[in-house]
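Structural description and commentary
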Amino acid sequence: MRKLLIRTLRACGHDHPDEVLADLQDERRWRRSAGHRGFAIWAAWQLLTICLWSLLDRRVRRDRARIHPLLALRLAARNIVRQPGVPVAAALTLALGYGAAASIFGVYHGFGRPLPVPAGEDVVRLRVAEPDGVRMMLGRDQLDLLASVTDLFLSVGAFAGDSSIIAGDDLPPRRVTSARMTPEAFVALDVAPALGALPPADSGAVVLAHDLWVEAFEADPAVVGRVVRVGGRSVDVAAVMPPGFAFPYRQQLWLPMDRSDPDVAGELVARLVPGVSTAQASRMLEARWNASFADAEGETARTLVDGFTDARGEGGEELALLALLSLVIALLLVSCSNVSNLMLSRAVTRSRSLALHAAIGAGPGQVCLQMLTETLLIALGGAALGLVGASGAVRYIEGTLAPHWGYYWMRVQMEPAVAGFTLLLAAGTALVAGMLPAVRAARADVSEPLKQGSGGSDRRSTRMSWLLLTGQVAFSAAALVVATLMAMGLFRTREVEAGFPAAEVFVASVSLDTDRYQEASVRRGFRERLLDRLNDSDEVRSAALTVGLVGMHGQFGRLAVDGVEPDPEARPSRILSFGVSRDFFEVFDLTLEQGRLLLPGDTDAVVVSADFASQHLGSDALGRRIRLEGVAERWWRVVGVVSNVVIYDASLDRRLDWAYLPLEQLEPVGFYVTYRPAGEAAAATRVVTSAATALDPELPLSGAMGGGVGVPVTQVLAYVRRFMLTAGTLGAFGGLAAALVAAIGLYGIVAFEVGRRLPDFGLRMALGARRDQVLGLIVRHALARTAPGLVIGLLIAWAAGPYFGLFLFGVPGRNPLVLGGAALAYLLVAALAALVPGRRAATLDPAQVLRGE
Amino acid sequence: MGDEYLGEFEHLVLLAILRLGDAAHGAPIRRLIEERAERRVSLGAVYSTLRRLEAKGYARAREQPAGSASGGRPRRVFELDRRGQAALEASRRRLDRMRLGLDVGALASRD
């Protein structure tokens, strides 16, 4: 009965129920002595009034203490301004996470942007994939088949990127990025020109991009019908495209694809019939394709139909993005738990004022709201900072990667979607980070902190803080290891231990136009005269022409060795082959290991790399005959073996077996000019360009991927690895940031604990402990608490090693040296983080501390 | 000094606390007011007023050790704070000034 009464009174808000019971006893004694009867009824009535009054009072208190949301904001702001240390640290750590997340999101968003044409999601790429790889050339009959599939596609067209020289009467020759397109490709894109009309297939007329029209033709409204010279031929200007259209890779000019050509080389674009999905189209097309074109051995091809935005997955880019994303999420979690920690310690130091707030009537919900509002303000501040950082990062990414990005509409920039995402993230993390401290603050026993003065030793919340810190330490230690590995991979890619002096070899590319250079003899004449001019010059030490760029790409052929039966089970070996002119081996500094180099006049000789020889030919390589299917199908005789060239492919560390064929035998239309300068590179490049122009004023001399005319091969290689480089750089920064964030967290909690235990230290020092002993105690304590998290983090890094190893260049994912180094570095940082508050504690006057000042 | 207005019941409770001294807690206060002020008073009203007086700073509670008047348990007794005394004084002076020169009894019996 007694317990029930006490509980009821408390529930109504009466704080001293046992006093009520004592008073009622008192009343009973008095009433009995005064002769009053009916105590039970009287007492029940009194209890009722007590409960009612208590409830009423509580309601009044709550109403008075209720905080208007705007007031809550003002209070939160005022609290932050008064004690800015913790909020600023929290905002900074959150800013790191938000900034990184916003940048990654910006990239992903930019990548995933749809094609900016009507019903862009219906425009797809078509690719035919055979076991050897994707076909870059289709026969007319194959293209006709694709065009006939009208239940799947409204239109199927082809396009091929190119480079052209455009000139006119009032227009000096200029090099532009161009593309050859079939009219069907324009139909598939469904973009109407701003001026003029798209030309029919056989007109030979060209279409200008808006930018080119403004720059070169001064936005002349009468440009349609003007005659210009493109690649030496006079053509009409048929149309100008609207601003922003630059399909596919920032082209400035569109030329018709040659209809008379039996083969169509390039990529395919198509517009799906509305309602047909890419998967359906893929399946149905494949059946029809293989019904007509399965090859003699019954090998079938796969037809791939996918949206242009799916291109973002190729080249290891999606892997890199995913890796970055996971790193960023880890970083954000670390930041979150950091903020939670900081807010917890803040709640404890403010527990007195919070308790007072509760004492005058604020309910637990009110206290909770107050803490959450503060956390939200901090998170928003962090988000603002993070967005500033992110816009810088995004600009950097767009600037370094944009020219090589791929499709012209894939721009990465700060936009409302990114800002919105960040704000949402901020609100979410504020809730997550702030909920725990808010709830604890609300539930904390009101009277305890009031009795104990401002110390407020809430032991439970300190344990919670250390738990959170352990999580932080684990994440950031793992992140630090990964960041170190990424940085190492980064350095490896820069080294380019290529096996040839990549920094000293410069590159330009030549594409002879097929109309004027149709005859092989004409082409040969051009090449020989070019080489003569280059070799005569003093500025050029040595020069060579190559088909395929050594270090980057060449032509793949399937290997067959004379006298060796191919293993039907094994996958056919793919050999990378290059056509090379005389002096090639000198330019690239390859040493002869067996036999001889190629000589002018060689018709069927081939020189192979040392690895090729050992892999496929054994010790007896010379004189063996090989065949490279897909590249000049004939037998070649091995005359020499040269040193290896080792490169790192875009996503994997692969060493490729290489074969060098005589250029003359390949009769190329396009080739690279590779040269080593005798002195200044710029001077040598000028010689090359003037030599080419002298031979043919309208020859488009262009750069290799990754740069303009005359860049060193290192730059070209860097371009190939651009994504890895960017991912590595960002990853390295991310890992360091994570470690820094954890260090801040550690500092926060150690500082708080030291502050709380000041009387303890003061006592020790008063009893004779030396300052350095106290300092040592603090640091050792901090390190001991850091250790479990560190061990967990290193275990995580060890376990995740193989996964990350996939895209670390030549660096194994599990590296005990790195783990050990990271552990030591981390402990050092932890010791430093503990030293700062520790020193402050050790240099205090013990007497002052004990007095409580 | 400015805001020290007392309600009538608060006034009565403060006076009761003064009178009761060491025995100033819920039940005796209630009985005293019922007896002297001749009005029915509930314990709930007394407690509520004591809370309010405490919050305003006019009265404070102190722990009285077990034994003396409390039937073997430690309990809280109330005493006047300086602010409470000032409030009582101010209230009395106010009433006196209003009453000055009036004979309330004669006026009342006139009607």
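Residues numbered from 1 in each chain as written. Chains lettered and ligands numbered in written order. Predicted model: local features only at pLDDT ≥ 70, side-chain atom pairs only at ≥ 80, totals over all residues. Heavy atoms only, no water.

Here we take up the overall build of chain A. Scanning chain A from N- to C-terminus turns up 25 helices and 25 strands. For chain A, buried positions account for 49% of its 853 residues. Across chain A, the fraction of contacts at a sequence separation of at least 24, relative to all contacts at a separation of at least 6, is 81%. For chain A, the accessible area works out to roughly 39,200 Å², and carbon and sulfur atoms hold 58% of it. (Helix = DSSP H or I, 4+ residues; strand = E, 2+ residues; numbered from the N terminus. Buried < 20%, exposed > 50% of the residue type's maximum accessible area, 1.4 Å probe, protein only. Contact = heavy atoms within 4.5 Å. Areas by Shrake-Rupley, 256 points an atom, 1.4 Å probe, with all protein chains shown as cover.)

When you go through chain B residue by residue, the secondary structure sums to five helices and two strands. Starting at the N terminus, the α and β elements of chain B follow one another as α-α-α-β-β-α-α. The 111 residues of chain B split such that 42% are buried. Partitioning the intrachain contacts of chain B with sequence separation of at least 6 by distance along the chain shows that 50% fall at a separation of at least 24.

When the terminal C-alpha atoms of helix α16 (residues 520-536) of chain A are compared, their 24 Å separation across 17 residues agrees well with the 24 Å that a helix rising 1.5 Å per residue should span. Within the span of α16(A), buried status applies to Arg523(A), Gly525(A), Phe526(A), Arg527(A), Leu530(A), Leu531(A) and Leu534(A). (Expected span 1.5 Å × (residues − 1).)

Turning our attention to unusual backbone geometry. Residues and elements named next belong to chain A. The peptide bond linking phenylalanine 247 to proline 248 adopts the cis configuration, its omega dihedral lying at -10 degrees. Even without being glycine, aspartate 589 reaches a positive phi, approximately 60 degrees. Along the polypeptide, aspartate 589 turns up in the loop between α17 (584-587) and β18 (592-595). The backbone phi angle of glutamate 667 is positive, close to 50 degrees, even though this residue is not glycine. Take glutamate 667: it is sitting in the loop between β22 (658-662) and β23 (670-677).

Our focus in this paragraph is a nonpolar patch on the surface. On the surface, Trp45(A), Leu48(A), Leu52(A) and Leu55(A) cluster together into a nonpolar patch covering about 410 Å² of accessible area. Assignment of secondary structure puts Trp45(A) in helix α3 (residues 39-65). (Patch = residues over 30% accessible without salt bridge, like charges linked within 9 Å, V, L, I, M, F, W, Y side chains within 5 Å. Salt bridge = Lys/Arg side-chain N within 4 Å of Asp/Glu carboxyl O.)

Time to look at the pairing of strand β4 (residues 153-167) of chain A. Every other side chain in a regular strand lies on the same face of the sheet, so the side chains alternate between the two faces. Residues and elements named next belong to chain A. Among the 15 residues of β4, 12 are classified as buried, and the element is accordingly described as predominantly covered. Between β4 and strand β5 (residues 174-181), which pair antiparallel and follow one another directly, the connecting turn spans six residues. The sheet contact formed by β4 and strand β8 (residues 227-230) spans two bridges and is antiparallel. Across the sheet, the residue bridging to alanine 167 is arginine 229, located in β8. (Pairing = 2+ DSSP bridges.)

Let us look at the packing of helix α1 (residues 8-20) of chain B against helix α4 (residues 82-99) of chain B. All names here are of chain B. Packing of α1 against α4 leaves a shortest axis separation of 11 Å and a crossing angle of 120 degrees. In this view, α1 runs oblique relative to α4, as classed from their interaxial angle. With respect to the hand of their crossing, α1 and α4 are arranged in left-handed fashion. Of α4, the residues touching α1 (which contributes His11, Leu14, Leu15 and Leu18) are Gly84, Leu88 and Ser91. Residues that form the contact of α1 with α4 fall into these classes: four nonpolar, three polar and no charged. (Axes fitted to C-alpha atoms, helices over the stretch in contact; angles between N-to-C directions. Parallel < 35°, antiparallel > 145°, perpendicular 65-115°, else oblique. Left-handed = near helix turned anticlockwise from the far one by under 90°. Nonpolar A, V, L, I, M, F, W, Y, C, P; charged D, E, K, R; others polar.)

All right, on to the pattern of salt bridges then. Applying the stated criterion across every chain, the model contains 32 salt bridges over all chains. Its salt-bridge partner being Arg627(A), residue Glu629(A) comes within 4.0 Å of it at the nearest N-O pair. Given a relative accessible area of 23%, Arg627(A) falls into the partly exposed group. With a shortest N-O distance of 3.2 Å, Asp772(A) and Arg770(A) are connected by a salt bridge. Residue Arg770(A) is classed as partly exposed on the basis of its relative accessible area of 48%. Here the salt bridges share partners, and the residues they tie into one network are Asp26(A), Glu27(A), Arg30(B), Arg31(B) and Glu34(B).

By the burial criterion, the buried members of helix α22 (residues 758-766) of chain A are Phe761(A), Gly762(A) and Met765(A). Viewed along the axis of α22(A), the buried residues span an arc of 100 degrees, placing them on a single side of the element. (Arc of directions from axis to C-beta.)

At the junction of the two partners, chain B supplies 16 residues and chain A supplies 19 residues. Summing the contributions of chain B and of chain A, the shared interface buries around 1,700 Å²; its carbon and sulfur component is 45%. Interface area lost by chain B to chain A is led by Arg31(B), Tyr47(B) and Arg51(B), which between them contribute 33%. Connecting chain B to chain A are six salt bridges. Close ionic contact of Glu19(A) with Arg76(B) constitutes a salt bridge, the shortest N to O distance being 2.9 Å. Applying the counting rule to chain B against chain A returns 15 residue pairs in polar contact (both at pLDDT 80 or more). Looking at the side of chain B that touches chain A, the elements with two or more residues in it are α2 (26-36), α3 (43-56) and β2 (75-80) of chain B. No other element matches the seven residues that α3(B) contributes to the side of chain B that touches chain A. (Buried area = accessible area lost by both parts, 1.4 Å probe. Polar contact = N/O pair within 3.5 Å; in protein donor to acceptor, adjacent residues only side chain to side chain.)

All names here are of chain B. As a packed pair, α1 and α2 sit with axes 9 Å apart at the nearest point and diverge in direction by 110 degrees. Relative to α2, the element α1 is oriented roughly perpendicular. For the element pair α1 and α2, the recorded crossing hand is right-handed. Packed against α1, whose contacting residues are Phe9, Leu12, Val13, Ala16, Ile17, Arg19 and Leu20, the element α2 presents Pro28, Ile29, Leu32, Ile33 and Arg36 at the interface. Here the residues of the contact of α1 with α2 are counted per class, giving 10 nonpolar, no polar and two charged.

Here we take up the environment of Leu599(A). Residue placement: Leu599(A) occurs in the loop between β18 and β19 (605-609). For the pair Leu599(A) and Pro662(A), spaced 63 residues apart in sequence, the C-alpha separation works out to 8.4 Å.

Further remarks concern the environment of Asp583(A). Among the structural elements, Asp583(A) can be located in the loop between β17 (574-580) and α17. The sequence separation of Asp583(A) and Tyr675(A) amounts to 92 residues, and the corresponding C-alpha distance is 9.7 Å.

Here we come to the side chain of Thr685(A). Position of Thr685(A) relative to the elements: it lies in helix α19 (residues 681-695). Ignoring any residue separated from it by four or fewer positions in sequence, one finds Thr685(A) in contact with Tyr675(A), Val709(A) and Gly710(A).

All names here are of chain A. Scanning the model with the defined rule gives 14 aromatic pairs over all chains in all. Between the aromatic rings of tyrosine 408 and tryptophan 409, the centroid separation amounts to 5.2 Å while the plane-to-plane angle is 90 degrees, which identifies the pairing as edge-to-face. For the pair tyrosine 408 and tryptophan 409, a shared accessibility class is recorded, and that class is buried. Seen in terms of ring centroids, phenylalanine 584 and phenylalanine 585 are 5.2 Å apart; in terms of plane orientation they differ by 80 degrees. Their pairing is edge-to-face. You'll find phenylalanine 584 and phenylalanine 585 in the same group, each marked buried. (Phe/Tyr/Trp six-rings, centres within 6.5 Å; stacked < 30°, edge-to-face > 60°.)

Now for the nonpolar core. All names here are of chain A. Residues Phe526, Leu530, Ile626 and Val673 are the most contacted members of the largest nonpolar core, which totals 44 residues. Here this core gets six residues from one element, more than from any other, and that element is α19. Those residues in contact with leucine 530, other than ones at most four positions away along the chain, are Leu545, Phe671, Val673, Ala691, Ala692 and Leu695. With 33 residues, the next largest nonpolar core counts Leu485, Ile749, Leu819 and Ala831 among its residues. (Core = buried A, V, L, I, M, F, W, Y, C linked by side-chain atoms within 4.5 Å.)

Looking now at the pairing of strand β1 (residues 123-130) of chain A. Residues and elements named next belong to chain A. Burial of β1 is extensive: six of the eight residues sit out of reach of the surface. Pairing geometry for β1 and strand β12 (residues 267-272), over four bridges, is antiparallel. Across the sheet, the residue bridging to valine 123 is arginine 271, located in β12. Sheet topology note: the β1/strand β13 (residues 302-307) ladder contains six bridges and is antiparallel. By the bridge assignment, alanine 129 is partnered in β13 with arginine 302.

All names here are of chain A. With respect to the helices and strands, aspartate 306 occurs in strand β13. Residue classification places aspartate 306 among the buried positions, given a relative accessible area of 14%. One polar contact links aspartate 306 to arginine 127, side chain to side chain, over a distance of 2.9 Å.

Before going further, it helps to spend a moment on the confidence of the model for chain A. All names here are of chain A. Confidence in the prediction for chain A averages 79 pLDDT; 83% of positions are at 70 or higher. Per-element confidence in chain A is highest for strand β7 (residues 206-208), whose mean pLDDT is 94, and lowest for helix α14 (residues 447-452), whose mean pLDDT is 46. Contacts for the low-pLDDT stretch residues 449-457, under 50 throughout, to residues beyond four places or in other chains number 12 contacts. (pLDDT = per-residue confidence, 0-100.)

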